[in-house]
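# Commentary on secondary and tertiary structure
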Amino acid sequence: MTVSAPTLDVVAIGNAIVDVLARSDDAFLAQHALTKGGMQLIDAEMAETLYADMAAAREISGGSAANTLAGLAALGKSCGFIGQVCDDQLGKVFAHDIQAMGIRFDTPAMTGEVPTARCLILVTPDAQRTMNTFLGASQFLPEAALDLDLIRSAGILYLEGYLWDPEQPRAAMRAAIEAARGAGRKVAFTLSDNFVIDRHRADFIDLIDSGMIDILFSNEGEIQSLAQIDDFDQAVASIAAQVPVLVSTRSEKGAIAVVDGQRYEAPAAPVAQIVDTTGAGDLFAAGFLAAHIDGMAVDDCLRLGAAAAAEVISHWGARPEEDLNLIRAKLFA
C-alpha cells in the first residue's frame, strides 16, 4: 500500500460542548451530592436544576478533544474536528469558536429538540473542578456524519474516551479508526475518566491488544483503573507493553511517557497560582502531540505538555489564553 503524505496534522473526534463555569464551595457540592473533582453525566432536568442554583457563570467552548485541538492550533498545527452540535445558540457559539482558531469543522448541525451539549463546571477555592455534563446533541454523532476523507488526510486521528460511552459515536469512532488505519495513519486515544473505563474496559483493552492504538493518554488513576492494578508503576508497565507510546500525567508529580519500552519522566511546570484545573490533561496532550509531530525528543514532548498544562490551569477555562508559541520558545531557548 502506498501511503500519501498527510495534509493535516491531527483530526479529532469528540464531544462538542460549551463549558459553563462558576465558583463553588464544598458545601454546594455536598448539597447536590456531587463528587468533588470528578465528572458525572446528567440529564436535561438535572442540568436545569444545577444551572439555576449555580453562581454567576462564564460560558466558554470546551470538550476534551476540542480543547486539545485548540492547544495544537495555537502551537501552529493544522487540525480538523468532528463533533455534533444542534442548530441552536450554543451550537453556533461552539462552531464560531473552533473555526475562529483555524480548525476545520464541517459536521452538519442537528435540528430538533436535543440541544447542544454543555458541561456545568464548579470550581472550588482549591482550583478543583467538578464537572457535570449534559451530552445533548453530542451523543448522537452518527457514523454517516464522518468525513472519511478528512480523517484519512490527517497524520493522527485523536479520539476522546468520553465519547465512547454513547452508542452512535462509539460506532462512528470504530469506523474512523478503520479509515485512519487503512490510510496508514496513527491513532491516539485519551482514556478521559475512570467511569468511562469502568463501563468500557473490555473495549479499550481489545483496541490496545489488537494494535489499534499508537498513542495512549491517561492520568495516574485512569491507567491504574485500566490495568486494574493499584500500583502506578506496575500498571504503567502492564499497559505500556501493548502500545508504542503511553503517556500518563500525575498532577504535581509531573508526567511519564513510555515509548517503545523506554520510560521517560518530567516534572510539572511551575505555576504562580492554580486557578482552575479544567483542561489540564487536554492541553498536556496538545503540547506533547505538537512536539511529537515535530519529531522532538520524548523528554521535550513531556516538557512542552507540562508547560501547556501549566498555562491553562493558571486561568479560568480550558482553552489557552497566553501565546503557547512564546511559551515554547522560552522553554527551549
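Look up a bit, the structure's there.
Every value quoted in this text rests on a predicted model; they were computed, and no experiment measured them.

Per the secondary structure count, the protein chain includes twelve helices and 14 strands. Scaling as 2.2 N^0.38, a compact globule of 333 residues should have a C-alpha radius of gyration of about 20 Å, and the protein chain matches this with 18 Å. Out of the 333 residues in the protein chain, the part that is buried amounts to 57%. In the protein chain, 75% of the contacts between residues at least 6 apart in sequence involve partners at least 24 apart. Surface accessibility of the protein chain: about 13,700 Å² in total, with carbon and sulfur atoms responsible for 49%. Computed over 23 positive and 45 negative side-chain charges, the inter-centroid distance for the protein chain is 5 Å.

With that out of the way, let us pick up the environment of V243. Mapped onto the elements, V243 comes out in the loop between α9 (232-240) and β12 (245-249). Ignoring anything within four residues of it in the chain, the contact list for V243 reads I208 and I213.

With that settled, the discussion passes to the packing of helix α6 (residues 167-182) against helix α7 (residues 194-209). Where α6 meets α7, the axes come as close as 14 Å, and the angle between the chain directions of the two elements is 5°. Considering the angle they form, α6 stands roughly parallel to α7. Contact with α6, carried on its side by R170, R174 and I177, involves H200, D203 and L207 of α7 and no other residues of that element. A class-by-class count of the residues in the contact of α6 with α7 yields two nonpolar, one polar and three charged.

Glancing now at the side chain of R201. The residue R201 is located in helix α7 in this model. On the basis of relative accessible area, R201 is assigned to the buried category, the value being 17%. Looking at R201, its side chain comes within polar contact range of the main-chain oxygen of S225, at 3.0 Å. R201 has contacts with S225, L226 and Q228, leaving out every residue within four places of it along the chain.

A word on the packing of aromatic side chains. Under the defined criterion, the tally for this structure stands at nine aromatic pairs. Each ring, one from F81 and one from F94, has its centre 5.6 Å from the other, and the planes form 50°; the classification is tilted. Of the two residues, F81 is situated in strand β5 (residues 79-82) and F94 in helix α4 (residues 89-100); the sequence distance between them amounts to 13 residues. An aromatic cluster of three or more residues is present, and its members are F81, F94 and F105. Taking the ring centre of F232 as reference, the NZ or CZ of R250 above it sits at 3.8 Å.

It is worth spelling out the sheet that holds strand β7 (residues 117-123) at this point. Spatially, the five strands line up as an open sheet ordered β3-β8-β7-β2-β4, and their pairing is mixed. The open sheet terminates on both sides in strands that have one partner only, identified here as β3 (39-41) and β4 (57-62). The mean angle between the axes of side-by-side strands here comes to 20°, regardless of whether they run parallel or antiparallel. Helix-sheet contacts for α4 involve β2 (17-23), β4 and β7, and the interaxial angle to β4 is about 55°.

What follows covers the pattern of salt bridges. One pass over the structure, following the stated rule, counts 17 salt bridges. Close ionic contact of R201 with D198 constitutes a salt bridge, the shortest N to O distance being 3.2 Å. On the criterion of helical spacing, the pair formed by R201 and D198 is a turn pair, its members being three residues apart in helix α7. We note a salt bridge from R263 to E265, for which the minimum N-O separation is 3.2 Å. Overall, the relative accessible area of 55% leaves E265 in the exposed class. One salt-bridge network, in which partners are shared between bridges, spans D26, K36 and D126.

Membership of the largest hydrophobic core comes to 56 residues, with the highest contact counts inside it found for I13, I151, L157, L216, I223 and L226. The element that contributes the greatest number of residues to this core is α6, accounting for seven residues. Contact partners of L157, with chain neighbours within four places excluded, come to V11, I13, I151, A176, I177, A180, K186, V187 and A188. Counting 51 residues, the second largest nonpolar core, distinct from the first, contains I103, L302, A309 and V312.

Hydrogen bonding along the main chain pairs the strands of a sheet, whether they run parallel or antiparallel. Pairing is mixed in the open sheet, where nine strands are placed in the order β6-β5-β1-β9-β10-β11-β12-β13-β14. Every interior strand has two partners, whereas the edge strands, β6 (104-105) and β14 (262-266), have only one. One ladder, built from five bridges, connects strand β9 (residues 154-160) with strand β10 (residues 186-190); its direction is parallel. Each bridged residue has a counterpart across the sheet, and for I156 the counterpart in β10 is K186.

About the thresholds
Residues numbered from 1 in each chain as written. Predicted model: local features only at pLDDT ≥ 70, side-chain atom pairs only at ≥ 80, totals over all residues. Heavy atoms only, no water. Helix = DSSP H or I, 4+ residues; strand = E, 2+ residues; numbered from the N terminus. Rg over C-alpha atoms; globule rule 2.2 N^0.38 Å. Buried < 20%, exposed > 50% of the residue type's maximum accessible area, 1.4 Å probe, protein only. Contact = heavy atoms within 4.5 Å. Areas by Shrake-Rupley, 256 points an atom, 1.4 Å probe, with all protein chains shown as cover. Lys, Arg positive; Asp, Glu negative; His and termini not counted. Charge placed at Lys NZ, Arg CZ, Asp CG, Glu CD. Axes fitted to C-alpha atoms, helices over the stretch in contact; angles between N-to-C directions. Parallel < 35°, antiparallel > 145°, perpendicular 65-115°, else oblique. Nonpolar A, V, L, I, M, F, W, Y, C, P; charged D, E, K, R; others polar. Polar contact = N/O pair within 3.5 Å; in protein donor to acceptor, adjacent residues only side chain to side chain. Phe/Tyr/Trp six-rings, centres within 6.5 Å; stacked < 30°, edge-to-face > 60°. Lys NZ or Arg CZ within 6 Å of the ring centre and 35° of its normal. Pairing = 2+ DSSP bridges. Salt bridge = Lys/Arg side-chain N within 4 Å of Asp/Glu carboxyl O. Core = buried A, V, L, I, M, F, W, Y, C linked by side-chain atoms within 4.5 Å.

Coordinates in, geometry out; function isn't part of it.
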